[in-house]
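# Coordinate inspection notes
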Amino acid sequence: MARLRKAGRVWRDATARADAERILIGDAAASALTIDLPALFPSKALLEVELGAGRGDFIMARAMACPDRNFLAVELAASVARVFAARAGRRGLNNLRIIRADARTLVNLLLPDGSVSVYHIYFPDPWPKARHEKHRMVSPSMVAALARTLATAGLIHVASDVEPWARQMFSMLTAGGFSESPAEVPGARFSGFGRKYLAAGRPIFASSFRRPDLTE
Ligand SMILES: C[S@@+](CC[C@H](N)C(=O)[O-])C[C@H]1O[C@@H](n2cnc3c(N)ncnc32)[C@H](O)[C@@H]1O
């Protein structure tokens, strides 16, 4: 409730809203079942995508640290996406865009083949009950769509605080032809939830995976 009240307050503030609207892709564009990546960013650059970005702590810091890359964040909850967009707008980031959508729609339907250099997936809701399985972000069909949309030698970084769910995501990626990579997982300790879990002494299960060679 407090989160929704805060989102409402942010959206009523004209300056915050104007800042946010420079960053947030409108619902009309998001529902057009296509996305024109070159039109979203001022310059052509490698693209990193965070799925389920929450309030965007990790991807904002990464976009500031890597001004020569473009960043796209997708967040399902409208109230969270708006707070995130207002925060990003205040920072004047022009290499970051946010889309309010289901990550599965973005990856399965909107992103072109080979368009993404790096995916970040940190602490996606695990939905542990069998009857909630349909809500899970990572599934075998999503793994195939991640492989299709990744560029050659593209990477996926994944982290979860729920060990069985982390292991299940890792196995799905491996079964989909991804190979585990020694690359560090940049958001595991630095996303909003990563920092929270670290401070609470909770274990974090994280790994990186390289795209399968689709020509084989
Ligand atoms: C536990 S939070 C983690 C947020 C962020 N990745 C972090 O590490 O701080 C999970 C976020 O993923 C979002 N989410 C869950 N399922 C999603 C989906 N299918 N598409 C987009 N966002 C989703 C939720 O709304 C929530 O903001």
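Our structure is the block above this text.
Given the structure is predicted, the values throughout are model-derived calculations rather than measurements.

A word on the sheet that holds strand 2 (residues 47–51). One open sheet holds the 8 strands; their spatial order is 1-4-3-2-5-6-8-7, and the pairing between them is mixed. At either end of the open sheet lies a strand with only one pairing partner, and these are strand 1 (24–25) and strand 7 (179–181). With 5 bridges joining them, strand 3 (residues 70–75) and strand 4 (residues 96–100) adopt parallel strand pairing. Paired with glutamate 75 across the bridge in strand 4 is arginine 100. Along the sheet face, helix 6 (residues 78–90) touches strand 1, strand 3 and strand 4 and points at about 165° away from the line of strand 4. Packed on one face of the sheet, helix 9 (residues 163–175) meets strand 6 (150–160) and strand 8 (205–210) and runs near 10° to strand 8.

This part is about the packing of helix 5 (residues 57–65) against helix 6. As a packed pair, helix 5 and helix 6 sit with axes 11 Å apart at the nearest point and diverge in direction by 25°. In terms of orientation, helix 5 and helix 6 fall into the roughly parallel class. Considering only the axes of helix 5 and helix 6, their crossing is right-handed. Contacts between helix 5 and helix 6 involve Asp57, Ile59 and Met60 from the former and Phe84, Arg87 and Ala88 from the latter. Across the contact of helix 5 with helix 6, the residue classes tally to 4 nonpolar, no polar and 2 charged.

Okay, a positive patch on the surface next. Together, Arg5, Lys6, Arg9, Arg12, Arg55, Arg90 and Arg91 make up a region of like positive charge exposed at the surface. With 4 residues, the top contributor of residues to the positive patch is helix 1 (residues 2–12). Examined against the element boundaries, arginine 5 turns out to sit in helix 1.

Attention now moves to the environment of leucine 110. Locating leucine 110 in the fold gives a position in helix 7 (residues 103–110). For leucine 110 and aspartate 36, which are 74 residues apart along the polypeptide, the C-alpha to C-alpha distance reads 8.9 Å.

Per the stated rule, a full pass over the model turns up 4 aromatic pairs. Between phenylalanine 193 and tyrosine 197, the aromatic rings sit 5.8 Å apart at their centres with planes inclined by 65°, giving edge-to-face as the arrangement. Of the two residues, phenylalanine 193 and tyrosine 197 are both situated in helix 10 (residues 192–199); the distance of 4 residues between them amounts to about one turn of the helix. A residue is classified by how much of its surface remains accessible, and phenylalanine 193, at 45% relative accessible area, is partly exposed. By relative accessible area, which is 10% here, tyrosine 197 ends up buried. These aromatic residues form a ring-pair network of at least three members: Phe123, Phe193 and Tyr197.

Backbone geometry places phenylalanine 123, a non-glycine residue, at a positive phi of 55°. Considering the arrangement of structural elements, one finds phenylalanine 123 in the loop between strand 5 (116–122) and helix 8 (140–149). At alanine 153, a position not held by glycine, the phi torsion is positive, near 65°. Here alanine 153 is to be found in strand 6.

Rules of the game
- Residues numbered from 1 in each chain as written.
- Predicted model: local features only at pLDDT ≥ 70, side-chain atom pairs only at ≥ 80, totals over all residues.
- Heavy atoms only, no water.
- Pairing = 2+ DSSP bridges.
- Helix = DSSP H or I, 4+ residues; strand = E, 2+ residues; numbered from the N terminus.
- Contact = heavy atoms within 4.5 Å.
- Axes fitted to C-alpha atoms, helices over the stretch in contact; angles between N-to-C directions.
- Parallel < 35°, antiparallel > 145°, perpendicular 65-115°, else oblique.
- Left-handed = near helix turned anticlockwise from the far one by under 90°.
- Nonpolar A, V, L, I, M, F, W, Y, C, P; charged D, E, K, R; others polar.
- Patch = residues over 30% accessible without salt bridge, like charges linked within 9 Å, V, L, I, M, F, W, Y side chains within 5 Å.
- Areas by Shrake-Rupley, 256 points an atom, 1.4 Å probe, with all protein chains shown as cover.
- Salt bridge = Lys/Arg side-chain N within 4 Å of Asp/Glu carboxyl O.
- Lys, Arg positive; Asp, Glu negative; His and termini not counted.
- Charge placed at Lys NZ, Arg CZ, Asp CG, Glu CD.
- Phe/Tyr/Trp six-rings, centres within 6.5 Å; stacked < 30°, edge-to-face > 60°.
- Buried < 20%, exposed > 50% of the residue type's maximum accessible area, 1.4 Å probe, protein only.

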